[in-house]
Amino acid sequence: MTASTVAGQDDGTLADQAYRAISDRLVTLRIRPGEPLNDERIAAELGFGRTPVREALKRLERERLIVAYPRRGTFATEVQIADLGHVSEVRKQLEPLAAGLAAQRAGEDDRAGLDRLLTRLADASLAGTDLIRLDMAVHRAIYAATRNPYLEDTLIRYDNLATRIWCLFLDRLPGLAGHVHEHGPLLRAIIDGDAEKAAALAAGHVAGFETAIRSVI
């Protein structure tokens, strides 16, 4: 999956669509940690066949969003706060790299998409999970603009894990809007091709995320 699919430019395969639908529910905690997942029920709820849902679940298991136990079933993984340091350690290295590469490599379509996201960031009416989804869309658009599918896939996985931790404390983090809206200068730096500034802003964003979470745990 790439950020172009998030932007709606390419729906991908049925398995891709099922993956995005289930992933969204897991990341935003609409499927709660520890909750069982039944492929037949999910397929019926989402309007997919069981085969693409099963493919999606296999992918989500590799990404540590779900876990399957023999003879017990499949469950959403617990959100491990102890993983915050490990996740942040990786993101502190890779998010600035991605932002810098995006500033250097983004094509005309990428920059147009980033500009549309910049406009959406100005919508003061967004709140709660809508802000979370906008944050995820911004990150995925940046990752796609790196033109490095391996870096993109890796960062999507870590961003999902970080966002689950964020959602767990959503009601205790009053600065959510500010955290999301600070993407504005980052997007502008990427659009303008300023790789050094983009990398520095991305580094600050990841550090700020970790600090905010640690302040409430």
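Preceding block: the structure.
Residues numbered from 1 in each chain as written. Predicted model: local features only at pLDDT ≥ 70, side-chain atom pairs only at ≥ 80, totals over all residues. Heavy atoms only, no water.

Asks: Could you clarify how one ought to interpret the packing of aromatic side chains in this entry?
Replies: For any pair of aromatic rings, the description rests on two quantities: the centre-to-centre distance and the angle between the ring planes. Per the stated rule, a full pass over the model turns up two aromatic pairs. Measuring from centroid to centroid gives 6.1 Å for Tyr69 and Phe75, while their planes differ by 55 degrees, and the two rings are tilted. Where Trp166 meets Phe209, the ring centres are 6.2 Å apart and the plane angle is 80 degrees; that geometry is what we call edge-to-face. Residue Trp166 is found in helix α8 (residues 149–168), and its partner Phe209 is found in helix α11 (residues 195–214); the two are separated by 43 residues along the sequence. A relative accessible area of 4% means that Trp166 is categorised as buried. Overall, Phe209 belongs to the buried group, its relative accessible area being 5%. In this arrangement the basic side chain of Arg72 is found over the ring face of Tyr69, its NZ or CZ atom lying 4.4 Å from the centre. We note Arg91 situated over the ring of Phe209; from NZ or CZ to the ring centre the distance is 5.5 Å. (Phe/Tyr/Trp six-rings, centres within 6.5 Å; stacked < 30°, edge-to-face > 60°. Helix = DSSP H or I, 4+ residues; strand = E, 2+ residues; numbered from the N terminus. Buried < 20%, exposed > 50% of the residue type's maximum accessible area, 1.4 Å probe, protein only. Lys NZ or Arg CZ within 6 Å of the ring centre and 35° of its normal.)

Asks: Sorry if this is basic, but what is going on with helix α6 (residues 108–121) here?
Replies: Along an α-helix, residues three or four positions apart point the same way, because every turn accommodates 3.6 residues. Taking 1.5 Å of rise per residue, the 14 residues of α6 would be expected to cover 20 Å, and the 20 Å separating its terminal C-alpha atoms lies within 8% of that figure. Taken as a whole, α6 has its buried residues at Asp110, Gly113, Leu114, Leu117, Leu118 and Leu121. Projected down its long axis, α6 shows its buried positions confined to an angular sector of 150 degrees, all on one face. Counted as exposed and oriented over 90 degrees from the buried face of α6: Glu108, Asp109 and Thr119. (Expected span 1.5 Å × (residues − 1). Arc of directions from axis to C-beta.)

Asks: Quick question: what am I supposed to make of empty space enclosed by the protein here?
Replies: Over the atoms, a rolled probe matching the size of one water molecule traces out where space is still vacant. On inspection of all chains with the given rule, the structure shows one cavity of 30 Å³ or more. If you trace the largest cavity, you find it lined by Arg91, Asp135, His139, Asp159, Ala162, Thr163, Trp166, His179, His205 and Phe209. Of all the secondary-structure elements, those providing two or more residues to the lining of the largest cavity are α7 (128–145), α8 and α11. Of all the elements, α8 adds the most residues to the lining of the largest cavity, at four residues. In terms of residue class, the lining of the largest cavity is built from three nonpolar, four polar and three charged. (1 Å grid on protein atoms, 1.4 Å probe; cavity = no way out; pocket = protein on both sides within 12 Å on 5 of 7 lines; lining within 4 Å. Points joined across faces, edges and corners; volume = space filled by probe spheres on them. Nonpolar A, V, L, I, M, F, W, Y, C, P; charged D, E, K, R; others polar.)

Asks: Just to check I follow, could you spell out the layout of surface pockets for this structure?
Replies: Considered as a void within the structure, the second largest pocket measures approximately 360 Å³ in volume. Taken together, 15 residues line the second largest pocket, and the ones lying closest to its centre are Glu63, Arg64, Asp83, Val87 and Leu161. Listed by contribution, the elements that provide at least two residues to the lining of the second largest pocket are α5 (84–105) and α8. Ranked by residues supplied to the lining of the second largest pocket, first place goes to α8 with five residues. For the lining of the second largest pocket, the class distribution of residues is six nonpolar, three polar and six charged.

Asks: I'm lost on the side chain of Glu210 in this one. Help?
Replies: By the secondary structure assignment, Glu210 is in helix α11. Each residue touching Glu210, except ones within four places of it in the same chain, is listed here: Leu84, Gly85, Ser88 and Lys92. (Contact = heavy atoms within 4.5 Å.)

Asks: What exactly am I supposed to notice about a positive patch on the surface here?
Replies: Together, Lys58, Arg62, Arg64 and Arg157 make up a region of like positive charge exposed at the surface. If you trace the backbone, Lys58 turns up in helix α4 (residues 50–62). Given a relative accessible area of 56%, Lys58 falls into the exposed group. (Patch = residues over 30% accessible without salt bridge, like charges linked within 9 Å, V, L, I, M, F, W, Y side chains within 5 Å. Areas by Shrake-Rupley, 256 points an atom, 1.4 Å probe, with all protein chains shown as cover. Salt bridge = Lys/Arg side-chain N within 4 Å of Asp/Glu carboxyl O. Lys, Arg positive; Asp, Glu negative; His and termini not counted. Charge placed at Lys NZ, Arg CZ, Asp CG, Glu CD.)

Geometric values such as these leave the question of function open.
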